[in-house]
Amino acid sequence: MESVDIRAALARIAGERGVSFAELSRVLGRNPAYVQQYIERGSPRRLSEPDRATLARYLGVAESFLGGPSETAWIAVPRIDVAASAGPGGLVEHDLRDGALRVDPALLRELRVRPADASMIAVAGDSMLPTLADGDAILVDRGDRRGVSGAIHVVRHDGLLLVKRLVRGAGGVELFSDNPAYPPLAVDGSPDIVGRVVWLARAL
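The paragraphs below set out a description of the structure included in this document.

Rules used in this analysis
- As a convention, each chain's residues are numbered from 1 in the sequence order in which they are written.
- With the structure being a predicted model, the display of local features is reserved for residues of pLDDT at least 70 and the display and counting of side-chain atom pairs for 80 or more, all residues being used for whole-chain, interface and lining totals.
- Excluding hydrogens and water, the side-chain values take into account all heavy atoms of the structure.
- Here, nonpolar core refers to any group of buried Ala, Val, Leu, Ile, Met, Phe, Trp, Tyr and Cys residues whose side-chain atoms link them within 4.5 Å.
- Only protein chains enter the accessibility calculation, which uses a 1.4 Å probe; a residue whose area is less than 20% of its type maximum is buried, one above 50% is exposed, and one in between is partly exposed.
- The secondary structure listing takes helices from DSSP runs of H or I that are at least 4 residues long and strands from runs of E that are at least 2 residues long, numbered from the N terminus.
- By definition, a salt bridge exists where a carboxyl oxygen of Asp or Glu is found within 4 Å of a side-chain nitrogen of Lys or Arg.
- Between any two strands, pairing holds if DSSP finds at least two bridges.
- In this analysis an axis means a line fitted to C-alpha atoms, helices contributing only their contacting stretch, and an angle means the value between N-to-C directions, from 0 to 180 degrees.
- Contact criterion: two residues are considered in contact whenever any of their non-hydrogen atoms come within 4.5 Å of each other.
- For this scheme, ten residues count as nonpolar: Ala, Val, Leu, Ile, Met, Phe, Trp, Tyr, Cys and Pro. Four count as charged, namely Asp, Glu, Lys and Arg, and the remainder, Gly too, count as polar.

## Thoughts on the nonpolar core
With 17 residues, the main nonpolar core has Leu10, Leu24, Val35, Tyr38, Leu55, Leu59 and Leu66 as its most contacted residues. Elements with a minimum of two residues in this core: helix H1 (4–17), helix H2 (21–28), helix H3 (34–41) and helix H4 (49–59). Formed by 15 residues, the second largest nonpolar core is a distinct cluster that contains Ala84, Ile121, Val154 and Leu161.

Structure follows, in structure tokens:
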């Protein structure tokens, strides 16, 4: 039987992510009580390797957290071959994946970003100065499309892909630039959110 520590780790990580045991069971294609029985009763005695890998991917953690082998490889994060504009913007017809940037899986865990939801996009323009500069590479959590007020997001607006600070108010949603030289943009209806910006890389 797997150690109590592994079952406790699964319970803790699920609680931190706000994911129920029934949801994890559904992800595995099992009956709703499957994960709860594993954690609380030790049945099944062990998670199968495919189940462990599926749970690790879904929860955004390394398999080693659930009793798997220690990680040695970094995670390849796809780079989207369009510039998210912090200035005038550019038309976006397709998101073409052009190579990848390898990141430490520990970083994604710290940011609570599932590897499958992570993308890198380059910033173009100066409207988000001093926070984001032209040429910055930003890590976007495409799994977080809640539209958190005050946070920076990549948003499709009027056919453009923009990186802006989303602000919700009584009059609706507006997209703000950190550079005061640029006026806010009003959004009609719900914003088309690509994801939330959670990290940046900058060349010196």
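Having put the structure on the table, let's press on.
## Looking at the pattern of salt bridges
Within this structure, the stated rule accounts for 10 salt bridges. Here Glu23 ties to Arg26 by a salt bridge, and the two come within 2.7 Å at their closest N and O atoms. Placement of the pair is Glu23 and Arg26 together in helix H2, with a separation of 3 residues, close to one helical turn. Across the pair Arg196 and Asp144 runs a salt bridge, and its minimum N-O distance is 2.7 Å. Of this pair, Arg196 sits in strand E9 (residues 192–201) while Asp144 sits in the loop between strand E4 (137–141) and strand E5 (152–157), and the two are 52 residues apart along the sequence. Overall, Arg196 belongs to the partly exposed group, its relative accessible area being 22%.

## Section: the pairing of strand E6 (residues 160–169)
Pairing analysis gives 6 bridges linking E5 to E6, with the strands arranged antiparallel. Bridging from a neighbouring strand, His157 pairs with Leu160 of E6. The antiparallel pairing of E5 with E6 creates a hairpin that spans 2 residues between the two strands, and Asp158 there sits at a positive phi of about 55°. With 5 bridges connecting them, E6 and strand E7 (residues 172–176) associate as antiparallel partners. Across the sheet, the residue bridging to Val167 is Glu174, located in E7. Taking the residues that link successive antiparallel strands as the turn, the E6-E7 hairpin has 2 residues.

## Observations regarding the packing of H2 against H3
Closest axis-to-axis distance for the H2/H3 pair is 6 Å, and the angle between their directions is 120°. Of the residues in H3, those in contact with Phe21, Leu24, Ser25 and Leu28 of H2 are Tyr34, Val35, Gln36, Ile39 and Glu40. Of the residues in the contact of H2 with H3, the class split is 6 nonpolar, 2 polar and 1 charged.

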